[in-house]
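# Structural description and commentary
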Amino acid sequence: MSVFRIDDLAHAAGSTVRNVRAYQDRGLLPPPRLQGRVGLYDESHLARLRLIGQLLGRGYTLVTIAELISAWERGRNLSDLLGLEKVLTDPWSDEIPGRVDTAELTQLFGVDPETDEFPAMLRMAEKHGFLEAESGGRFKVPSPRLLHVGAELVAAGIPLPAVFEIAGRIREDCGVIARRFVDLAHEHGNLSAEGLVSGEEISEAALFVQRLRPLAQLAVEGLLAQCMETEVRTALGDQLAGAVARDARPAPDPDAG
């Protein structure tokens, strides 16, 4: 199990040391294990911290979050709760977020930061998950792979607005796919629509989500490869057939007419 100092824990959860201490003071986060004068945190703290961040993002107040956690812990086994927290809040990707500055963005996307186009580009990049603004003119890159794909498409001649538009559409498509897997879990798996009552049900749900994670990614990767193969062959085949038909046309007779 990973062990964190408080600054490492805050960084891993995308939070701050100040927030970690505030959550501890409110009873939202269990205290660390002390080794001498150093507080050491583990993956259960990281899972709890990520869950708090997600609940805050959904509009819950700290008071409400404290009540929810307290009610859960009174009626549930804490180890079950932390196990479910972990599978719910662990990232579904092994990507390590990156960071770029204005100069690097200019090089990637070819947009002059002195023009009015640059702020609009930043807004669209944030909207579609390419960037998250930070202080000092730097930007967090949640998915370096996504940013790389965008930059490569621009380098291939695709206009930047079209890149953002297709990213938005793909995100919507992926949302539909994700909901299909969750619906499948509700209907046939361990994610009961009536809720999780016993500790055994909680453990089964956590194991099911862990199993679902790689299966969903593999299914999408395999089906996308098949669909891309079909679509590309169809599109290029139609164009090739048109080119052959044009080349096979008889040349006009100069003496005709």
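It should be noted that the structure appears before, not after, this text.
Quick caveat: nothing in here was measured; it's all calculated off a predicted structure. (Residues numbered from 1 in each chain as written. Predicted model: local features only at pLDDT ≥ 70, side-chain atom pairs only at ≥ 80, totals over all residues. Heavy atoms only, no water.)

### A short note on the overall build of the chain
The criterion, for reference: Only runs of H or I of at least four residues qualify as helices and only runs of E of at least two qualify as strands under DSSP, and these elements are numbered from the N terminus. Residue exposure (1.4 Å probe, protein chains only): buried if accessible area is under 20% of the type maximum, exposed if over 50%, otherwise partly exposed. Reported accessibility uses the Shrake-Rupley method at a 1.4 Å probe radius. Residues are deemed covered only where the shown protein chains occlude them.
Along the chain, the regular secondary structure elements total 10 helices and 6 strands. Looking at the chain residue by residue over its 257 residues, the buried ones come to 25%. Summed over all atoms, the accessible surface of the chain reaches about 17200 Å², with 56% contributed by carbon and sulfur.

### Some thoughts on the sheet that holds strand β2 (residues 33-35)
Note the cut-off: Strands are treated as partners if at least two bridges between them are detected by DSSP. Contacts: residue pairs with any heavy atoms within 4.5 Å of one another. Angles run from 0 to 180 degrees between N-to-C directions of axes, and those axes are lines fitted to C-alpha atoms, restricted for helices to the stretch in contact.
Across the sheet, which stays open at both edges, the 3 strands sit in the order β1-β3-β2 with antiparallel pairing between neighbours. A strand with exactly one partner marks an edge of an open sheet, and here the two such strands are β1 (3-4) and β2. In this structure, β2 lies alongside strand β3 (residues 38-42), joined through 3 bridges in antiparallel fashion. By the bridge assignment, leucine 34 is partnered in β3 with glycine 39. Along the sheet, helix α3 (residues 43-57) contacts β1 and β3; its crossing angle with β3, the most-contacted strand, is approximately 75 degrees.

### A short note on the sheet that holds strand β4 (residues 98-101)
Spatial strand order, β4-β6-β5: 3 strands in an open sheet with antiparallel pairing. One side of each edge strand has no neighbouring strand; the edge strands of this open sheet are β4 and β5 (132-133). As judged from the 2 bridges shared by β5 and strand β6 (residues 138-141), these two strands associate in the antiparallel manner. Opposite glutamate 132, over in β6, you have lysine 140 as the bridge partner.

### Considering helix α7 (residues 117-127)
What sets the pattern is the α-helix's 3.6 residues per turn: residues three or four places apart point alike. Put simply, the rule reads: Summarising the geometry, the arc corresponds to the directions from the helix axis toward the C-beta atoms.
Looking only at α7, the buried set comprises Phe118, Met121, Leu122 and Ala125. One side of α7 carries all its buried residues, which in axial view fall inside an arc of 100 degrees. Facing away from the buried side of α7 by over 90 degrees, the exposed positions are Arg123 and Lys127. At its buried positions, α7 is contacted by α6 (102-109), β6 and α9 (160-188).

### With respect to the pairing of β3
The sheet contact formed by β1 and β3 spans 2 bridges and is antiparallel. Residue valine 3 lies in a different strand from β3, and its bridge partner there is aspartate 42. Here β2 folds back onto β3, and the loop between the two strands holds 2 residues, one of which, glycine 36, carries a positive phi near 70 degrees.

### What to know about α3
Stated formally: Helix span, as expected, comes to 1.5 Å for every residue beyond the first.
Taking 1.5 Å of rise per residue, the 15 residues of α3 would be expected to cover 21 Å, and the 21 Å separating its terminal C-alpha atoms lies within 8% of that figure. Glycine 59 sits one or two residues past α3 and shows a positive phi near 100 degrees.

### Here's the deal with the nonpolar core
The criterion, for reference: Take the buried Ala, Val, Leu, Ile, Met, Phe, Trp, Tyr and Cys residues and link them wherever side-chain atoms come within 4.5 Å; each set so joined is a nonpolar core.
With 19 residues, the main nonpolar core has Phe109, Met121, Phe130, Leu131 and Leu160 as its most contacted residues. Among the elements of the structure, α6, α7, β6, α8 (144-155) and α9 are those that each provide at least two residues to this core. Excluding anything up to four places from it in sequence, leucine 160 contacts Phe109, Val111, Met121 and Val154. Ranked by size, the runner-up nonpolar core spans 16 residues in total, among them Val20, Tyr41, Leu51 and Ile65.

### Structural notes on the packing of α8 against α9
So the rule is basically this: Throughout, the term roughly parallel applies to angles under 35 degrees, roughly antiparallel to angles over 145, roughly perpendicular to angles from 65 to 115, and oblique to all others. Left-handed is the label given to a crossing in which the near helix is rotated counterclockwise from the far helix by less than a right angle, and right-handed is the label when the rotation is clockwise. Only Asp, Glu, Lys and Arg are considered charged, only Ala, Val, Leu, Ile, Met, Phe, Trp, Tyr, Cys and Pro nonpolar, and every remaining residue, Gly among them, polar.
Following both chains from N to C, one finds α8 and α9 inclined at 140 degrees, their axes separated by 9 Å at the closest point. Compared by their axis directions, α8 and α9 come out oblique. α8 and α9 meet at a crossing whose hand is right-handed. Listed contacts from α9 to Leu146, Gly150, Leu153 and Val154 of α8 are Leu160, Val163 and Arg171. A class-by-class count of the residues in the contact of α8 with α9 yields 5 nonpolar, 1 polar and 1 charged.

Any functional reading would require information beyond the geometric quantities listed.
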